[in-house]
Amino acid sequence: MKVLASFVTGILLLFFISSCTQLPTGVEETSSQISLQKVTVLENFEAGTKTAYAVGDVTFTSGIWTLNDALVGTSTSDPKNGTKSIRTRNSGKITMKFNRTDGAGVVSVKHAKYGTDANSTWSLWYSINSGSTWTQTGVSVTTSSTTLQTASFTVNKSGTIRFEIRKTDGTANRVNFDDFTINDYGTGSGNSETEPNNTTAAANPISIFPATYSGYVSTTSDIDYFSFSAASGQTITLGLTVPANKNYNLYLLNASSVTVASSTKASGLAESITYTATATGIYYAKISSSSGSSKTVAYSFSANVTGSGSGGGGGTIDTTTVHLTMGNPSSAVTDINFPANYLMKKAQYVLSYNRDKGGANWAAWHLNASWLGSTARQDDFRADATLPTGWYQVQATSFSGSGYDRGHMCPSADRTLTVADNSATFLMTNMLPQAPNNNQGPWANLETYCRTLVSQGKELYIYSGGYGSQGTLDAGHVNVPTRTWKIIVVLDEGTNDVGRVTTTTRVIAIDMPNSDALIARTDDWRIYRISVDSLESILGYDFLSSISTSIQSVIESSVDTL
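Residues numbered from 1 in each chain as written. Predicted model: local features only at pLDDT ≥ 70, side-chain atom pairs only at ≥ 80, totals over all residues. Heavy atoms only, no water.

Caption draft 1: Here's a closer look at the overall build of the protein. Along the protein, the regular secondary structure elements total six helices and 34 strands. Taking all 562 residues of the protein together, 55% fall into the buried category. In the protein, once contacts between residues fewer than 6 apart in sequence are set aside, the share between residues at least 24 apart is 70%. Split by element, the accessible area of the protein, about 21500 Å² in all, is 50% carbon and sulfur. (Helix = DSSP H or I, 4+ residues; strand = E, 2+ residues; numbered from the N terminus. Buried < 20%, exposed > 50% of the residue type's maximum accessible area, 1.4 Å probe, protein only. Contact = heavy atoms within 4.5 Å. Areas by Shrake-Rupley, 256 points an atom, 1.4 Å probe, with all protein chains shown as cover.)

Right under this line is the structure:
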């Protein structure tokens, strides 16, 4: 992310408090907290000093932050944009001691490995009650580069909020953070292009819509690419706000890098494209200059993918697999350019696989009587050889000695019609590390309850997965989630399943702690029920997108009580 120099200057002046006796306009102080209002906050960590890892408070330009097992790094081995960044180790934390009162839309932070240290994993958390309790936002991030990369999180929370960065792998490997940016709730912006992205292979991926990015055509030869997926029949809408006196052009390319639509207006005029996708797959947005460039004035690029399939909702039904009848929640695609959201279709279930976490973001499967029979449990745990060439394959022994179960996403007992069906559930891509009290307790009881519903004439569409990080297994190849979740759509047996979902359709959503210390084997799974909307807020996914939005708004906002 490139930082606009004049913008940074304005922000620093607005929030400079470390040596001022009078707070500037827009900042009010109450007790020990500072509330920041109606602004975009950039903290570059340049104003503070802390040379030891011991816990302590540091005053930066945005306010007071607590650094725990973290310091302000200034050495040549500290990746930084400027002269300083925050270096963390072990289970270090970087915590705001002040609130924002105007909420948060998109939050971004730069991160990189320190020196020659190995990869590290971290996550972003928020609190809406002044730090009394915390909730993770988005998914955990693995830092694997020694140059600063930008991670963005769509938070979309109104009201009082503060943030905390947590290093979650617990190792001595160090990771640096810089340029922490918070955009007000409802601003609809905040993402920034990440360089290099001047080829389709290096395009900035977009997975959550609508999306808005800022960026720079820094030279007349600079070309910026963004990539995303769309299904045949969906509408792709692109927009580009161009700096004054600059002539930028906007193009839409298909998966073969062939231009299918373009906008080439005169200097200084905004560009726009509306296009109906003719094929399902990857598309690229291309931004280039035909006259002029700027390193100081950013463009604003927007992208959206909309349109209804036969279900009338926000997504198109994938007719190639029954398991995605209710929608593809993260717009996963079978494209190695999207290793964090790689779609794997099995006959028995579908996965969004995350290469760097060594597990599924989510699994989806259909369950009715036709999937059940008398086949015995195969117990043939094994690596998934269908992963792309060169990707690490988690082994049957990868969890050994960790204290975690090889926890099925799609359960073995949901696939008992044939040996092949049951055996497919033992691929390690279908496993997440689960605490025994979770996996063998309420999680297993909910699986049994689902099959009981099937015996009563129901058919189900199920999603499951995990989020967060409490360390890794297999030399860092496998992430251990802090929570596991599941969504179950319950229907009577029938046809035209999407069309039969109504505002009274039963939908079960659960969110369980993945720790023996936090969950009992005897717990009733019902105590962990939440709404689908709550899970979407945590995960950043769009569940049940094949269903009409008016029905979604009802069934996703309620918590099951049966």
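The structure having been displayed, the exposition proceeds.
Caption draft 2: Quick peek at the packing of aromatic side chains. Tallied over the full model, the rule gives 16 aromatic pairs. Arranged with centres 6.0 Å apart and planes meeting at 75°, the rings of W65 and F98 form a pair that is edge-to-face. Of this pair, W65 sits in strand 5 (residues 64-73) while F98 sits in the loop between strand 6 (85-96) and strand 7 (99-100), placing them 33 residues apart in sequence. Each of the two residues, W65 as well as F98, counts as buried. A ring pair is formed by Y449 and W525, whose centres lie 5.1 Å apart and whose planes are at 40°; its orientation type is tilted. Note that Y449 is positioned in helix 4 (residues 442-455) and W525 in the loop between strand 33 (506-513) and strand 34 (529-530), a separation of 76 residues in sequence. W525 carries the same exposure label as Y449, and that label is buried. Of the aromatic side chains, those joined through ring pairs into one cluster are F45, F60, W65, F98, F163 and F180. Positioned above the aromatic ring of Y251, the side-chain terminus of K286 is 5.2 Å from the ring centre. Taking NZ or CZ as reference, R526 lies 5.3 Å from the ring centre of Y449, over its face. (Phe/Tyr/Trp six-rings, centres within 6.5 Å; stacked < 30°, edge-to-face > 60°. Lys NZ or Arg CZ within 6 Å of the ring centre and 35° of its normal.)

Caption draft 3: Region of interest: the confidence of the model for the protein. For the protein, per-residue confidence averages 86 on the pLDDT scale, and residues scoring 70 or more make up 88% of the total. The low-confidence segment residues 308-314, where pLDDT is below 50, has 27 contacts with residues more than four positions distant or belonging to other chains. (pLDDT = per-residue confidence, 0-100.)

Caption draft 4: Looking closely at unusual backbone geometry. The omega torsion across E195 and P196 is -5°, close enough to zero to call that bond cis. In this structure, P196 sits in the loop between strand 14 (191-192) and strand 15 (204-205). A positive phi angle, close to 55°, is found at D69, a residue other than glycine. Here D69 shows up in strand 5. Exposure remark for D69: the relative accessible area of 17% places this residue in the buried category. Phi is positive for N90, which is not a glycine, with a value near 50°. Within the fold, N90 resides in strand 6. Looking at N90, the relative accessible area reads 25%, which means it is partly exposed.

Caption draft 5: Spotlight on the sheet that holds strand 22 (residues 281-291). Read across the sheet, five strands follow the order 15-17-22-19-20 without closing on themselves; strand pairing throughout is mixed. One side of each edge strand has no neighbouring strand; the edge strands of this open sheet are strand 15 and strand 20 (259-263). Sheet topology note: the strand 19 (residues 247-253)/strand 22 ladder contains seven bridges and is antiparallel. Following the sheet pairing, N249 is matched in strand 22 by S288. (Pairing = 2+ DSSP bridges.)

Caption draft 6: Geometry of the pairing of strand 20. In this sheet, strand 20 lies alongside strand 19 in antiparallel orientation, the contact comprising four bridges. The residue bridging Y251 from the neighbouring strand is S262, located in strand 20.

Caption draft 7: Spotlight on helix 4. Look at helix 4: 20 Å from first C-alpha to last across 14 residues, which is about the 20 Å you get at 1.5 Å a residue. Summarising burial for helix 4: ten of the 14 residues are buried, a large majority. Among all positions of helix 4, only P442, W443, A444, L446, E447, Y449, C450, R451, L453 and V454 are buried. (Expected span 1.5 Å × (residues − 1).)

Caption draft 8: Representation of the pattern of salt bridges in the model. Applying the stated criterion across every chain, the model contains 20 salt bridges. The shortest N-O distance in the salt bridge between D379 and R377 comes to 2.7 Å. Owing to a relative accessible area of 44%, D379 belongs among the partly exposed residues under this scheme. Residue R483 pairs with D511 through a salt bridge whose shortest N-O separation is 3.2 Å. Of this pair, R483 sits in strand 32 (residues 483-492) while D511 sits in strand 33; the two residues are 28 residues apart in sequence, bridging distant segments of the chain. Since its relative accessible area comes to 25%, R483 is described here as partly exposed. Residues joined in a network through salt bridges with shared partners are E459, D497 and R500. (Salt bridge = Lys/Arg side-chain N within 4 Å of Asp/Glu carboxyl O.)

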